[in-house]
Amino acid sequence: ATNQLNIVWDEIDVKEIKITSFQGKTVKSLSANGVKGDLKIDINDLSPGIYFVNVGNTVHKLIVK
């Protein structure tokens, strides 16, 4: 990903979406209360590297170029 991250989820109760660095530091935290399973996140301010996106109980790897 380079500029924007599109997150889509189904049938899980998501209150918050967190992006953490490879070292475990939270670099972005967004409230997802009231959002219906689709959220676009601007990632222009993230340095290139490996991050983890926490959505509910799932974690996905994100590589920022």
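In case you missed it, the structure is sitting above this.
Our subject in this report is the structure included herewith.

Criteria and cut-off values
- Residues numbered from 1 in each chain as written.
- Predicted model: local features only at pLDDT ≥ 70, side-chain atom pairs only at ≥ 80, totals over all residues.
- Heavy atoms only, no water.
- Helix = DSSP H or I, 4+ residues; strand = E, 2+ residues; numbered from the N terminus.
- Polar contact = N/O pair within 3.5 Å; in protein donor to acceptor, adjacent residues only side chain to side chain.
- Contact = heavy atoms within 4.5 Å.
- Phe/Tyr/Trp six-rings, centres within 6.5 Å; stacked < 30°, edge-to-face > 60°.
- Buried < 20%, exposed > 50% of the residue type's maximum accessible area, 1.4 Å probe, protein only.
- Pairing = 2+ DSSP bridges.
- Axes fitted to C-alpha atoms, helices over the stretch in contact; angles between N-to-C directions.
- Patch = residues over 30% accessible without salt bridge, like charges linked within 9 Å, V, L, I, M, F, W, Y side chains within 5 Å.
- Areas by Shrake-Rupley, 256 points an atom, 1.4 Å probe, with all protein chains shown as cover.
- Salt bridge = Lys/Arg side-chain N within 4 Å of Asp/Glu carboxyl O.

## Some remarks on the side chain of lysine 28
Part 1: Counting through the fold element by element, lysine 28 comes out in strand 3 (residues 26–31).
Part 2: A distance of 3.4 Å separates polar atoms of two side chains, one belonging to lysine 28 and the other to aspartate 45.

## Notes on the environment of lysine 25
Part 1: Inspection of the secondary structure puts lysine 25 in the loop between strand 2 (16–21) and strand 3.
Part 2: Each C-alpha atom, one on lysine 25 and one on tyrosine 51, is 9.5 Å from the other, the two residues being 26 residues apart in sequence.
Part 3: Setting aside chain neighbours within four positions, we find lysine 25 in contact with Ile19 and Thr20.

## Here's the deal with the packing of aromatic side chains
Part 1: Summed over all chains, the structure comprises one aromatic pair.
Part 2: A centroid spacing of 6.1 Å and a plane angle of 20° characterise the contact between phenylalanine 22 and phenylalanine 52, whose relative ring orientation is stacked. Here the residue phenylalanine 22 occupies a position in the loop between strand 2 and strand 3, and phenylalanine 52 occupies one in strand 5 (residues 49–55), the gap between them amounting to 30 residues.
Part 3: The exposure class of phenylalanine 52 is partly exposed, given its relative accessible area of 25%.

## Re the sheet that holds strand 5
Part 1: Ordered by their spatial adjacency, four strands build an open sheet running 3-2-5-6, and the pairing between neighbours is antiparallel. For this open sheet the edge positions go to strand 3 and strand 6 (58–64), each flanked by a neighbour on one side alone. The average undirected angle you get between the axes of adjacent strands in this sheet is 20°.
Part 2: In the sheet, strand 2 pairs with strand 5 via five bridges, with the strands oriented antiparallel. Within strand 5, the position partnered with threonine 20 by the bridge is phenylalanine 52.

## Notes on a nonpolar patch on the surface
Part 1: A cluster of nonpolar side chains, namely Phe22, Ile50 and Ile63, defines an oily patch on the protein surface of about 280 Å² accessible area.
Part 2: With respect to the element layout, isoleucine 50 can be found in strand 5.
Part 3: What makes isoleucine 50 partly exposed here is its relative accessible area of 35%.

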